[in-house]
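Topology and contacts: notes
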Amino acid sequence: MEIPETRYARSGDVNIAYQVVGEGGHDVVYIPGFVSNVELNWQHPLFAALNERLASMARLIVFDKRGTGLSDRVQGIPSLEVRMDDARAVMDAADSERAALVGVSEGGPMTFLFAATYPERTTAAVVYGTSLGVWTPETPWLSTREQTLARLSEAEGRWGSLEYTREWVAVRSPSLANDEEYVQWIATYLRGSASPGAVAQLRRMNADIDIRHVLSAVRVPTLLVHRTEDPIPVANARYIAERVPGARLVEIPGRDHAPWYEYDQWLDPVEEFLGEVWAAEPWDADEPDRVLATVLFTDICGSTARAAELGDRGWRELLQRHHQLVRTQLTRFRGREVDTAGDGFFATFDGPARAVRCAQAIASAVQDVGIDIRAGLHTGEVELEGDGVRGIAVHIGARVASEAGPGEVLVSSTVKDLVAGSGLEFEERGAAELKGVPGEWRLFALRS
């Protein structure tokens, strides 16, 4: 097969390289692992054969994540939220309304987050050889953040060298470790897919990812395929399968992590699964009534005393100015106003980092007119009912806001874990019992 034409989708101010392969009534978006290069993917028989097999199932859309391959190099660490924006931009550019997402290795967390946030654009979520993120008491088989960061300097200094690549292949493709031609090719591929600095940034983001709290909000058909001796422990897939509603897990033998090695072994169950989904799911399926969203609550601190000080007319004018400033920032950060009661706002966002930045911008803007607000945020599954939004996540967000002090933006641990790579920094505020919400919740205050 000839190398498909590489095109570019605009995502914000960044160009994302993508290709469209084949035709068909259904779309598959392939979300690559750690690094990729859409053109180099066709220059090795194993890589090309993997793409061809995927393209035989449906129209295949492949892309390089920002900072890798042929996409723009960027400053800073790209968050999962930004990567979701990039995937949507590619789908829009390729005229894909809905697609099955196939995420490999590092592409798994973004696949789950996208499927939970945009179920109306996701026919199915398929992940191969994925990981959850970093060590927690629930996931003791994973590396700690400190262990991940400790390996950074060594990897950055040796990235793309033959010596480093031999070690890379020995872990990820042990069945091909003695194939010197393959090792030479992988060294070329790694250098052509990311610079040493980009690799370091990606690993820093991965050191903070934690998607455990997103899993229960994935409502699309889900398949996990994992090799039993994969260097990424199969315990990851088992953990995920237990927490994603209705997820199907297929464990296959083998110790090779690379998706292009014996690709038929994992793509056979994928093709069978997608065939079932496409046969059962009408293309014009109803809009979902449950999605993953970040809820934001704000209110003015000391509003009663301020109203008494200003009088009815003065307070009304100040309140109008406050509402104008809040709505300006909601528009800027793509928030949706759900409700306004008195001096408080309730809004939702499709990305937690945007929501936090919006809260920060609101707090700063209203200070210019002599107002302090408190803000609270939480990310979780919400139920859509007409123009309204309800669910336990809404109650948690409201309770988090009630714990905030004047001028403070307070977030739940779920929000903090999902904004890894965004550049946002937090200070821990300890655990709190939220009225009417079971258990203790770790809260974090945004640093100015």
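The paragraphs below set out a description of the structure included in this document.

Calculation notes
Residues numbered from 1 in each chain as written. Predicted model: local features only at pLDDT ≥ 70, side-chain atom pairs only at ≥ 80, totals over all residues. Heavy atoms only, no water. Core = buried A, V, L, I, M, F, W, Y, C linked by side-chain atoms within 4.5 Å. Buried < 20%, exposed > 50% of the residue type's maximum accessible area, 1.4 Å probe, protein only. Helix = DSSP H or I, 4+ residues; strand = E, 2+ residues; numbered from the N terminus. Contact = heavy atoms within 4.5 Å. Salt bridge = Lys/Arg side-chain N within 4 Å of Asp/Glu carboxyl O. Phe/Tyr/Trp six-rings, centres within 6.5 Å; stacked < 30°, edge-to-face > 60°. Lys NZ or Arg CZ within 6 Å of the ring centre and 35° of its normal.

Another point: the nonpolar core. Membership of the largest hydrophobic core comes to 55 residues, with the highest contact counts inside it found for Ile186, Trp266, Val270 and Leu274. Examining the composition of this core, we find that eight residues originate from one element, helix α10 (residues 263-280), more than from any other. Those residues within four positions of Trp266 in sequence are excluded, and the remaining contacts are Leu50, Val102, Val104, Tyr128, Val225, Arg227, Ile252 and Pro259. Counting residues in each nonpolar core, the second largest holds 45 residues, with Leu101, Leu132, Val214 and Ala237 among its members.

So, on to the pattern of salt bridges. In total, this model carries 37 salt bridges according to the counting rule given. In this structure, Glu106 and Lys65 form a salt bridge, with 2.5 Å as the shortest nitrogen-oxygen distance. You can see Glu106 sitting in the loop between β5 (99-104) and α3 (107-117) and its partner Lys65 sitting in the loop between β4 (59-63) and α2 (80-93), a full 41 residues away along the chain. According to the relative accessible area criterion, Glu106 is buried, its value standing at 11%. Several salt bridges share partner residues, and in doing so they unite Glu81, Asp85, Arg88, Arg334, Asp350 and Arg354 into one network.

Turning our eyes to something else, we now look at the packing of aromatic side chains. This model, assessed by the stated rule, comprises 14 aromatic pairs. Centroid distance Phe34 to Trp159: 6.3 Å. Interplanar angle 80°. Geometry classified as edge-to-face. Within this pair, whereas Phe34 is found in the loop between β3 (27-31) and α1 (45-57), its partner Trp159 is found in the loop between α5 (152-158) and α6 (162-172), the two being separated by 125 residues in sequence. Note on Trp159: relative accessible area 8%, which makes it buried. Taken together, the ring pairs in this structure connect Phe34, Trp159, Tyr164 and Trp168 into an aromatic cluster. Sitting above the plane of the Trp168 ring, Arg172 keeps its charged end 3.7 Å from the centroid. The ring of Phe444 is capped by Lys416, whose NZ or CZ atom sits 5.2 Å from the centre of that ring.

That's the geometry; what it means functionally is another story.
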